[in-house]
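Spelled out from the first residue to the last, the chains are:
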Amino acid sequence: MRVVFAGTPEVAVPSLDAVASSRHELVGVVTRPDAPSGRGRRLEASPVKRRAEELGVPVLTPVRAKDPDFLRDLTALAPDACPVVAYGNIVPPDALAIPRLGWINLHFSLLPAWRGAAPVQHAIMAGDEVTGASTFVLERGLDTGPVLGVMTETIRPTDTSGDLLGRLATAGAGLLVATLDGLESGELVAVPQPTEGVSLAPKIEVDDARIVWTRPAIAVDRLVRGCTPAPGAWTTFRGERLKVSPVSIASVGDLPDGSPLAAGELVVTKKAVFVGTGTGPVRLGTVQAHGKKPMPAADWARGTRIEAGERVGDE
């Protein structure tokens with residue numbers, strides 16, 4: 001088949017590579033326009049655009065997928081199908097109608113669970129033990145189209161969203177190509193999503209990533225892992241923001257005097273920093289103070305000279 005791939009971030013690159021090396025003809029790539037990045041705010045091409053240029057594939061970068069010039073250019077490419085992974089733009093009906101087999105989206109959840117922009121983060125934060133990826137026919141609703149294929153993936157106890165998304169991106173690329181193969185042969189039949197089991201996974205905003213220390217230790221652990229690497233879980237210390245990387249659940253017996261800690265209370269030993277939660281303590285991993293580089297929590301504590309009774313999370 002003639003295919004036009006749509007995607008933008010690094011997580012979409014494995015699928016682009018898989019489609020490019022499949023038996024289908026990759027005739028074009030659609031991605032978001034170059035965007036300001038870094039402290040210098042220089043315009044940078046998306047990871048998908050950079051990879052497409054390495055492959056020598058024509059690239060379309062419409063500001064909006066409803067732009068007449070884009071619709072004309074996409075029509076000229078005459079795709080049979082448009083595989084899409086994390087494109088990040090709304091695809092309007094006029095564009096959806098161009099490929100005869102539609103836009104085939106790879107979504108990193110077991111639909112209808114976790115429809116939306118951040119399915120992997122929400123699955124970890126909710127404590128799910130299993131997730132996966134789904135391919136489905138894109139339509140006007142939010143991840144509501146009929147499903148073509150699925151794969152499952154176990155969520156490991158220490159997985160961050162970055163860890164899990166990396167595995168799903170690699171395995172999901174194979175699912176996407178298998179879906180294209182099945183569409184070409186006519187063997188795949190799209191199955192409507194059930195009306196039960198629907199959950200939403202909106203984008204995780206910075207405020208959502210703030211740690212609430214009165215919550216149970218397991219909830220704090222899941223929040224931090226779900227927000228790593230982006231947008232990054234955080235708390236405050238002495239009025240300034242402190243970024244927190246994955247923690248580990250500890251017990252009162254791990255503390256120097258064996259006494260429970262109040263929520264947010266800090267205890268420092270030579271090799272560890274513990275924080276109280278709504279249940280038991282957690283041990284901090286890596287932290288990053290404002291304007292500083294990430295460092296082990298024990299090193300941060302030595303340089304900061306934390307006093308007895310000090311807390312994180314207090315304004």
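Scroll up to find the structure this text is about.
Presented here is a report on the structure given in the accompanying data block. Along each chain, residue indices are assigned from 1 in the same order as the chain's sequence is written. Predicted model: local features are reported for residues with pLDDT of at least 70 only, side-chain atom pairs are reported and counted for 80 or more only, and whole-chain, interface and lining totals are derived from all residues. Calculation of side-chain values draws on the structure's entire complement of heavy atoms; hydrogens and water are dropped beforehand.

1. Considering the nonpolar core
Stage number 1. Counting 37 residues, the largest nonpolar core has Phe 5, Val 19, Leu 26, Val 29 and Phe 108 as the members making the most contacts within it.
Stage number 2. Broken down by secondary-structure element, the contributors of at least two residues to this core are β1 (2-7), α1 (13-20), β2 (25-30), α2 (47-55), β7 (103-107), α5 (119-125), β9 (147-154) and α6 (161-185).
Stage number 3. Counting residues per element, this core draws most heavily on α6, at nine residues.
Stage number 4. Look past the residues within four positions of Phe 5 in its chain and what remains in contact with it is Ala 12, Ser 15, Leu 16, Val 19, Leu 26, Gly 28, Val 29, Val 30, Val 48, Pro 83, Val 85 and Leu 176.
Stage number 5. In this structure, Val 282, Leu 284, Val 287 and Ala 297 belong to the second largest nonpolar core, which totals 27 residues. We call a set of buried residues a nonpolar core when its members are Ala, Val, Leu, Ile, Met, Phe, Trp, Tyr or Cys and they connect through side-chain atoms within 4.5 Å of each other. For every residue, the accessible area (1.4 Å probe, protein chains only) is compared with the maximum for its type, and the residue is labelled buried under 20%, exposed over 50%, or partly exposed between those bounds. The numbering of helices and of strands both runs from the N terminus, where a helix is a DSSP run of H or I of at least 4 residues and a strand a run of E of at least 2. Working rule for contacts: check all heavy atoms of both residues, and any pair within 4.5 Å makes them a contact.

2. A closer look at the side chain of Glu 153
Stage number 1. Structurally, the position occupied by Glu 153 is in strand β9.
Stage number 2. What qualifies as a polar contact is a pair of N or O atoms within 3.5 Å, subject to a donor-acceptor requirement within protein and to the restriction that residues adjacent in sequence count only when both atoms come from side chains. Within the structure, Glu 153 has its side chain in polar contact with the side chain of Arg 167 (distance 2.7 Å).
Stage number 3. Among residues more than four places away in sequence, those in contact with Glu 153 are Val 130, Thr 131, Gly 132, Leu 164, Arg 167 and Leu 168.

3. Considerations on helix α3 (residues 68-77)
Stage number 1. Within the span of α3, buried status applies to Phe 70, Leu 71, Leu 74 and Leu 77. Buried residues of α3 fall within an arc of 120° about the axis and therefore sit on the same side. Among the exposed residues of α3, those pointing more than 90 degrees away from its buried face are Pro 68 and Ala 76.
Stage number 2. Looking at the buried residues of α3, the elements they touch are β1, β2, β5 (59-60), β6 (82-85), α4 (93-96) and β7.
Stage number 3. Just downstream of α3 lies Ala 78, where phi reads positive at about 50°. Directions from the helix axis toward the C-beta atoms define the arc.

4. A word on the sheet that holds strand β12 (residues 248-249)
Stage number 1. DSSP calls a pair of strands paired once it identifies at least 2 bridges connecting them. In spatial order, the strands read β12-β15-β14-β13; together these four strands make up an open sheet with antiparallel pairing. Edge positions in the sheet fall to β12 and β13 (266-268), since each has one partner strand and no second.

5. Thoughts on unusual backbone geometry
Stage number 1. Note that the residue after Leu 111, namely Pro 112, is joined by a cis bond; omega there is 15°.
Stage number 2. With respect to the secondary-structure elements, Pro 112 resides in the loop between β7 and α5.
Stage number 3. With omega at 0°, the peptide bond leading from Ala 230 into Pro 231 counts as cis.
Stage number 4. Among the secondary structure elements, Pro 231 is positioned in the loop between α7 (217-226) and β10 (233-237).
Stage number 5. With a phi angle near 50°, Ala 78 is a residue other than glycine that sits in the positive phi range.
Stage number 6. Tracing the sequence through the fold places Ala 78 in the loop between α3 and β6.
Stage number 7. A positive phi is found at Ala 86, a non-glycine position, where the angle reads about 50°.
Stage number 8. For Ala 86, a relative accessible area of 34% puts it in the partly exposed group.

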